[in-house]
Amino acid sequence: MLITGEVMAAATGGRLMSGDPGRPVTGFSIDSRTLASGDLFFAIKGERFDGHDFVDAALAKGAAGIVVSADVKARAAVDRGVVALLVTDTIGALQALARYVRRHAGARVVAITGSAGKTTTKEIAAEFLSVRYRVFRNQGNLNNHIGLPLSLLELRHEPEAAVVELGMSHAGEISALVGVAEPDVRVWTNVGDAHLGFFASADDLARAKAEILERADASTVLVANADDRRVMAHARRFAGRLVTFGFGGGDVRADEIEDQGLDGTRARVRTPAGEATIATPLAGPGHLANVLAAAAVALEFDVPLPAVVERAARLRPAPHRGEVLRLAGGVSVVDDSYNASPSALATVLKLVERARGSARKMAFLGEMLELGEHALALHEASGASAASAGLSLLVAIGGAPARALANAAVAGGMDAASVRHVATSAEAADLVPSLVRPGDLVLVKGSRGIATERVVARLMEEFG
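Note that the coordinates shown come from a computational prediction; the quantities given were computed from them, not determined experimentally. (Residues numbered from 1 in each chain as written. Predicted model: local features only at pLDDT ≥ 70, side-chain atom pairs only at ≥ 80, totals over all residues. Heavy atoms only, no water.)

**Q** Pulling in residues and values, what's your account of unusual backbone geometry?
**A** Within the chain, Asp302 stands out as a residue other than glycine whose phi angle is a positive 65°. Phi angles above zero are rare outside glycine, and Ala451 is one such case at about 60°. Position of Ala451 relative to the elements: it lies in the loop between β20 (441-445) and α16 (453-463). (Helix = DSSP H or I, 4+ residues; strand = E, 2+ residues; numbered from the N terminus.)

As structure tokens, then:
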């Protein structure tokens, strides 16, 4: 697809003030620092910056044009003779152009949401679909009102399938993203306690996640977690066709599950396309649920079940999302440092509890953010879970909630001398040389803002 000034004006309802209306742009950017020559620059207004302040810098780097909402800023592009598109709202224009590309690119779009497992499910689904199709997936966490449309603009390269994730912190956000992505297949992994601080209850959080059901018709498909009662309470009113996955039941379900600890999981998977034994190196039941959801998507795209089984055996976790690192001296690290929520922490603590072959088990646990008034109680519950997981050492990282987690672990039976509390991940990383010994199993997990990946980096320095 060629995206020209004329196309952009029609898609966004903007006014083309200058430039060749037939000249295509080669890329899109919202950051003048990373903009490449030939890119179109969207001057986005954020909470801490205004892209209009960087229009001159973008043009100096060779931008093919600019999208602005301020007439005075458009003049700089007019003077240079490049595309200047004047719109009412630059974010709205970005989303409108992305919607236009999505509608005309011809790719079938899969959109994934949920409190946990979005990124992993996205990556697995993309792997399964790539057996038969040219597949696009949005990178990293480009899953919000700006990142998603930037990702969808890549559909101009005309893949056959696209797998994207939809993130949210507040009600209404998923609805807006569904309106841009217009997914053919929607996946709802679960309702957990991530971002619970923005909602009065888990039921309210579920209602916000249920926006994934909007704008559906009879041709659309919802892949939903049959084991999550909050998901299913909403999924049954889906206007399209419902496909479920799970352990207790579902159209795609697993039984005869063999937990192989840090080496992965093996299970018998039963589907409308037949039955097969799947063995995946991804560890824990959470990852197996992600595999089931992705398998349900693949089967909707007519990917053969044997191909799904073969690809499942070669899966690897995304960086910092449940990676098992085998370091020198027999030190094993479960690097789940990308993010955290109480329910996700409980799941990985069970994995550590069941793991065998390590001299000692320890955890560096960062504070879990965005829990609002529930923070102290949820951290205390997490501390009790840590105490029952057979840990020899625990380091809690962060503010008052992290201290509450540490205190609850002691109250739950851990020796007070084996529990530490520090304010930052930098301090926690400095404890690695004195605390970690050869043969240890170390779990590292925390919210993104706590930066527990610093602990992982220090572990790799000491034992890599």
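Back to the write-up after that little detour.
**Q** So what's going on with the pairing of strand β9 (residues 185-188)? Residues and values would help.
**A** Burial along β9 is two-sided: Val185 and Val187 and Arg186 and Trp188, pointing in opposite directions, are all buried. Sheet analysis places strand β6 (residues 108-113) next to β9, joined by 4 bridges and oriented parallel. In the strand pairing of β9, Ala111 is matched with Arg186. With helix α8 (residues 202-209) bridging β9 and the parallel strand β10 (residues 221-225), this β-α-β connection has right-handed handedness. (Buried < 20%, exposed > 50% of the residue type's maximum accessible area, 1.4 Å probe, protein only. Pairing = 2+ DSSP bridges. Right-handed = clockwise from strand over helix to strand, strands pointing away.)

**Q** Lay out the sheet that holds β20 in plain terms, naming residues and giving numbers.
**A** Read from one edge of the open sheet, 6 strands run β15-β16-β20-β17-β18-β19, paired in mixed fashion. Only two strands of the sheet have a single neighbouring strand rather than two, namely β15 (323-326) and β19 (419-422). Each adjacent strand pair in this sheet contributes to an overall mean axis angle of 15°, direction not counted. Where strand β17 (residues 361-366) and strand β18 (residues 393-397) come together, 5 bridges link them in parallel fashion. Bridging across to β18, Met362 finds its partner in Leu393. Packing against the sheet, helix α15 (residues 425-435) makes contact with β17, β18 and β19, and its axis sits at approximately 165° to β18. (Axes fitted to C-alpha atoms, helices over the stretch in contact; angles between N-to-C directions. Contact = heavy atoms within 4.5 Å.)

**Q** Lay out empty space enclosed by the protein with the relevant residues and their values.
**A** The full count for this structure, using the stated rule, is 1 cavity of 30 Å³ or more. The calculated volume of the largest cavity comes to roughly 30 Å³. In terms of lining residues, the largest cavity is bounded by Ala340, Leu345, Leu365, Gly366, Met368, Leu405 and Lys445. The residue makeup of the lining of the largest cavity, split by class, is 5 nonpolar, 1 polar and 1 charged. (1 Å grid on protein atoms, 1.4 Å probe; cavity = no way out; pocket = protein on both sides within 12 Å on 5 of 7 lines; lining within 4 Å. Points joined across faces, edges and corners; volume = space filled by probe spheres on them. Nonpolar A, V, L, I, M, F, W, Y, C, P; charged D, E, K, R; others polar.)

**Q** Can you lay out the packing of aromatic side chains for me, pointing to particular residues and giving the numbers?
**A** Here the distance between the centres and the angle between the planes together describe a pair of aromatic rings. Applying the stated criterion across every chain yields a total of 2 aromatic pairs. Residues Phe28 and Phe42 carry aromatic rings whose centres are separated by 6.5 Å and whose planes lie at 40° to one another, so their mutual orientation is tilted. Taken together, the residues Phe28 in strand β2 (residues 27-29) and Phe42 in strand β3 (residues 39-42) connect sequence positions 14 residues apart. Phe42 matches Phe28 in its accessibility class, with the two residues each being buried. Taking the centre distance of 5.8 Å and the plane angle of 80° together, the rings of Tyr133 and Phe301 count as edge-to-face. Taken together, the positions of Tyr133 in the loop between α5 (118-129) and β7 (135-137) and Phe301 in the loop between α10 (285-300) and α11 (305-312) put the pair 168 residues apart, joining distant regions of the chain. Take Phe301: its relative accessible area is 1%, and that puts it in the buried class. Of note, Arg108 hangs over the ring of Phe301, and the distance from its end group to the ring centre comes to 4.0 Å. Sitting above the plane of the Tyr338 ring, Arg321 keeps its charged end 3.6 Å from the centroid. (Phe/Tyr/Trp six-rings, centres within 6.5 Å; stacked < 30°, edge-to-face > 60°. Lys NZ or Arg CZ within 6 Å of the ring centre and 35° of its normal.)

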